[in-house]
Amino acid sequence: MNIRQKLLTIIEQLLDDKLTTLLKLALFLKNGQESVQPMLASQAYQDWLSAENDIYDELFAD
């Protein structure tokens with residue numbers, strides 16, 4: 001499976017709030033912004049790091 005197909009498969013499984021974050025990242029990359037520093041300060045990245053998005057709570061819940 002090529003990269004484009006893998007991404008499409010993942011995108012089909014994402015909820016709308018996650019798609020919003022992915023869209024912001026995709027637009028960031030499309031605009032040729034290669035540096036990760038502005039991305040690290042972006043609201044989308046901060047949302048991704050938030051406690052609400054912590055997968056470990058779900059993985060290790062009893």
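Residues numbered from 1 in each chain as written. Predicted model: local features only at pLDDT ≥ 70, side-chain atom pairs only at ≥ 80, totals over all residues. Heavy atoms only, no water.

**Q** Sorry, what's going on with the overall build of the protein chain here?
**A** The secondary structure content of the protein chain amounts to five helices and zero strands. Helices and strands in the protein chain line up, N terminus first, as α-α-α-α-α. Looking at the 62 residues of the protein chain, the share that counts as buried comes to 6%. (Helix = DSSP H or I, 4+ residues; strand = E, 2+ residues; numbered from the N terminus. Buried < 20%, exposed > 50% of the residue type's maximum accessible area, 1.4 Å probe, protein only.)

**Q** What is the right way to look at a nonpolar patch on the surface in this model?
**A** There is a patch of nonpolar side chains on the surface, built from Ile3, Leu7, Leu8 and Ile11 and spanning about 370 Å² of accessible area. Here Leu7 is to be found in helix α1 (residues 3-13). (Patch = residues over 30% accessible without salt bridge, like charges linked within 9 Å, V, L, I, M, F, W, Y side chains within 5 Å. Areas by Shrake-Rupley, 256 points an atom, 1.4 Å probe, with all protein chains shown as cover. Salt bridge = Lys/Arg side-chain N within 4 Å of Asp/Glu carboxyl O.)

**Q** So what exactly am I meant to see when it comes to helix α2 (residues 16-30) here?
**A** In an α-helix, one turn spans 3.6 residues, which is why side chains three or four residues apart end up on the same side. Across its 15 residues, α2 extends 20 Å between first and last C-alpha, which sits within 8% of the 21 Å expected from 1.5 Å per residue. Backbone geometry just downstream of α2 places Gly32 in the positive-phi region, at approximately 80°. (Expected span 1.5 Å × (residues − 1).)

**Q** Help me understand the confidence of the model for the protein chain in this model?
**A** Caution applies to low-pLDDT regions: their predicted coordinates should not be interpreted in detail. With 69% of its residues at a pLDDT of 70 or more, the protein chain shows a mean pLDDT of 78. When the elements of the protein chain are averaged for pLDDT, helix α5 (residues 55-59) gives the smallest value, 63, and α1 the largest, 89. (pLDDT = per-residue confidence, 0-100.)

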